[in-house]
Amino acid sequence: MEGGIPTLEDLEQQLDGLAGERILVRTDFNVPLDGETITDDFRIRAALPTINWLTDRGAQVVTASHLGRPKGKPTPEFSMEPVRRRLAELAPGVELRENLRFDPAEEANDDAFVKQLIEGIDGYVNDAFGASHRAHASIVGPPRYLPSAMGRLLQREVEVLQSLRDNPKRPFVAVLGGAKVSDKLGVIEALLDTVDALVIGGAMCFTFFAADGRSIGDSLFEPDQTDTCKRLLASGKEIHLPSDIVGLDAAGNVATWGARVPDGGKGLDIGPGSAAEFADVITEARTVFWNGPMGKFEDERFAAGTRTIAEAVAATKAFTVVGGGDSAAALAEFGLDDDVDHVSTGGGASLELLELGDLPGLAALRQGRNTP
Ligand code: AMP
């Protein structure tokens, strides 16, 4: 048990050995696809420690995952077939069911669907960290009926993210970027209690700029969040905002400004001065959590800020955690993903675990049939 959640060893003990047992492993095989080609198989490889541990002990492993957003209908472009082919190379003999979200019952957490999922199954393992913040049938259902456990990937994610909440080495710096403040406000507020400094880049900095009375031109911002940003700025916490911005001016040319964006301009990256300042804050920290790009990094003209931050996160001796999604993609693009301590497989799930300290999928395992 770890934090009241059964581990693979607990499951083995409870089933009296795993030889011949059929184990359903809920994985997160929601991989990026270009047509039928998997452009990054990180999520499939991330499930191998659990799958191999089970098959080494004679278990018959049946995996199941969602892929994309098929909205409850069988949709050929979201078929698991490309994943099935890759999985057959990496873990021969392991079954993979069809996309769970082809049936609306998955997202509706329908009990009849849960029973269908576990027909002929002897034990359940959740290794889908990236989906564990959703109370969907395949995540919260099986522990009600079957001996269950968390897989190795889920276990490591929980250990790392809980350690950031419970006893981070200080100074602890959180670097947040990306487009939407509203998605991340809860975690920003929760982090303010734990972190020593908060660094804000990406489009979300413009809502803070607006709250601070600075002009933002045509940059992305969320007017209904300015009051909350004002409150955060007045909290007395160390919050670093960019001191320069790179973007497109009214004529469509790339321009660099100070901490204000002129009329008709659109901010798309933090400027070189801010990137250097943020890198210094990262270098002085002993724990760093990073979520969200510093700019529109998919466009090479606005990738420099994100690249500088990624390099600082990769180079520091601090304990470094990168929270999924776009920041993980950026790290991989710059070839730096091996240089951080932990790249989370779940963007939304890592933020929610940091914010709330728990996830529906973890609670389900804790309250499952085989917990005391
Ligand atoms: P999120 O999903 O909230 O983490 O947002 C990630 C997206 O935000 C990425 O696709 C970035 O291109 C985008 N982004 C970051 N900064 C900016 C910006 N200043 N203007 C427009 N988009 C941005």
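Basis of the calculations
Each chain has its residues counted from 1, following the order in which its sequence is written. For a predicted model such as this one, the threshold for reporting local features is a pLDDT of at least 70, and the threshold for listing and counting side-chain atom pairs is 80 or more; totals across whole chains, interfaces and linings nevertheless cover every residue. Side-chain metrics rest on all non-hydrogen atoms present in the structure, leaving aside hydrogens and water. By salt bridge we mean one thing: a side-chain nitrogen of Lys or Arg within 4 Å of a carboxyl oxygen of Asp or Glu. Helix and strand labels come from DSSP, where a helix needs a run of H or I of at least four residues and a strand needs a run of E of at least two; each type is numbered from the N terminus. Burial classes: relative accessible area under 20% of the type maximum marks a residue as buried, over 50% as exposed, and values in between as partly exposed (1.4 Å probe, protein chains only). Throughout, a residue-residue contact means that at least one pair of heavy atoms, one from each residue, lies within 4.5 Å. Nearness of a residue to a molecule or strand requires only that one of the residue's heavy atoms be within 4 Å of it. As used in this structure description, the phrase polar contact means that two N or O atoms lie within 3.5 Å; if the pair is within protein, one of them must be able to donate a hydrogen and the other to accept it, and residues adjacent in sequence are counted only when both atoms belong to side chains. For accessible areas, the Shrake-Rupley method is used with a probe of radius 1.4 Å. Any residue's cover is judged against the shown protein chains and nothing else. Residue polarity follows a fixed list, in which Ala, Val, Leu, Ile, Met, Phe, Trp, Tyr, Cys and Pro are nonpolar, Asp, Glu, Lys and Arg are charged, and the others, Gly among them, are polar. Between the N-to-C directions of two axes lies an angle of 0 to 180 degrees, each axis being a line fitted to C-alpha atoms and, for a helix, fitted only over the stretch in contact. Note on angle classes: values under 35 degrees are labelled roughly parallel, values over 145 roughly antiparallel, values of 65 to 115 roughly perpendicular, and the remainder oblique. By the definition used in this description, the sense in which the near helix is turned from the far one sets the handedness, with an anticlockwise turn below a right angle giving left-handed and a clockwise turn giving right-handed. Along the arc lie the directions from the helix axis toward the C-beta atoms. To count toward a patch, a residue needs a relative accessible area over 30% and no salt bridge; like charges are then connected within 9 Å, while nonpolar side chains (Val, Leu, Ile, Met, Phe, Trp, Tyr) are connected within 5 Å. Counted charges follow a simple rule, with Lys and Arg positive, Asp and Glu negative, and His plus the chain ends left uncounted. Charged groups are reduced to one reference atom each: NZ for lysine, CZ for arginine, CG for aspartic acid, CD for glutamic acid. Each aromatic pair joins two rings of Phe, Tyr and Trp (for Trp, the six-membered one) with centres within 6.5 Å, and gets the label stacked for planes under 30 degrees apart, edge-to-face for over 60, and tilted for any other angle. Note on criteria: charge over ring means Lys NZ or Arg CZ within 6 Å of the ring centre, with the direction from the centre no more than 35 degrees off the ring normal. Being paired, for any two strands, means DSSP has found at least two bridges between them.

Right, let's get into the pattern of salt bridges. Oppositely charged side chains are able to pair whenever their charged atoms sit close together. Counting across every chain of the model gives 18 salt bridges. In this structure, R86 and D41 form a salt bridge, with 2.8 Å as the shortest nitrogen-oxygen distance. With R86 in helix α4 (residues 81–90) and D41 in the loop between β3 (37–38) and α2 (42–46), the pair connects residues that are 45 residues apart, well separated along the chain. For R86, a relative accessible area of 25% translates into the label partly exposed. Each member of the salt-bridge network shares a partner with another, and the members are D41, R45, R86 and E89.

Structurally, the position occupied by I118 is in the loop between α6 (111–117) and β6 (123–126). A relative accessible area of 12% means that I118 is categorised as buried. When the C-alpha positions of I118 and L146 are compared, they lie 8.2 Å apart, and in sequence the two are 28 residues distant. If we skip the residues at most four places from it in the chain, I118 touches L24, P142, Y145 and L146.

For L96, the position within the fold is in strand β5 (residues 95–96). Under the relative-accessibility criterion, L96 is labelled buried at 9%. When the C-alpha atoms of L96 and N167 are compared, they prove to be 38 Å apart, with 71 residues separating the residues in sequence. Look past the residues within four positions of L96 in its chain and what remains in contact with it is F29, T63, A64, M80, V83, R84 and L87.

Let us now look at the site of the ligand. Around the ligand sit 15 residues in total, of which A179, K184, A203, E298 and D326 are the nearest. One of the backbone N or O atoms of G267 is found 3.2 Å from a nitrogen atom in the ligand. Contact distances for the ligand include 2.6 Å between an oxygen atom and a side-chain N or O atom of E298. Surface burial for the ligand is 80%, taken as the share of its 510 Å² of free accessible area covered by protein chains. Here the shell around the ligand is built from residues that sort into six nonpolar, four polar and five charged.

Direction vectors running N to C along helix α9 (residues 181–194) and helix α11 (residues 226–233) enclose 20 degrees, while the axes themselves pass 11 Å from each other. Relative to α11, α9 is oriented roughly parallel. Crossing geometry of α9 relative to α11 is assigned as left-handed. Here α9 contributes V181, L185, I188, E189 and L192 to the contact with α11, which in turn contributes T228, C229, R231 and L232.

Let us look at α11. Restricting attention to buried positions, one finds in α11 the residues T226, T228, C229 and L232. One side of α11 carries all its buried residues, which in axial view fall inside an arc of 160 degrees.

Looking now at a negative patch on the surface. Taken together, the side chains of D40, D337, D338 and D339 make up a negatively charged region of the molecular surface. The residue D339 is located in the loop between α14 (325–333) and β16 (342–343) in this model.

Under the definition given, this model contains one aromatic pair. Aromatic side chains F206 and F209 sit 5.7 Å apart centroid to centroid with 90 degrees between the ring planes, which places their arrangement in the edge-to-face category. Of this pair, F206 and F209 both sit in helix α10 (residues 205–211), three residues apart, which is roughly one turn of that helix. An identical accessibility class is assigned to F206 and F209; each is buried. Over the ring of W53 we find R57, and its NZ or CZ is 3.8 Å from the ring centre. Positioned above the aromatic ring of F209 is the side chain of R214, whose terminal nitrogen or guanidinium carbon lies 4.4 Å from the ring centre.

Turning our eyes to something else, we now look at the sheet that holds strand β1 (residues 22–26). Paired through their backbone hydrogen bonds, the strands of a sheet run either parallel or antiparallel. In spatial order, the strands read β5-β4-β1-β6-β7; together these five strands make up an open sheet with parallel pairing. If you trace the sheet from one side to the other, it starts and ends with β5 and β7 (148–150), each paired once.

For the rest of this paragraph, the subject is a positive patch on the surface. On the surface, a cluster of positive charge is contributed by R69, K71, K73 and R134. A relative accessible area of 69% means that K71 is categorised as exposed.

For the pair helix α8 (residues 152–166) and helix α15 (residues 347–356), the least separation of the axes is 9 Å and the interaxial angle reads 40 degrees. Relative to α15, the element α8 lies oblique. When the axes of α8 and α15 are compared, the crossing they make is right-handed. For the pair α8 and α15, contact is made by E157, V158, L161, Q162, L164 and R165 and by S350, L353, L354, E355 and L356, respectively.

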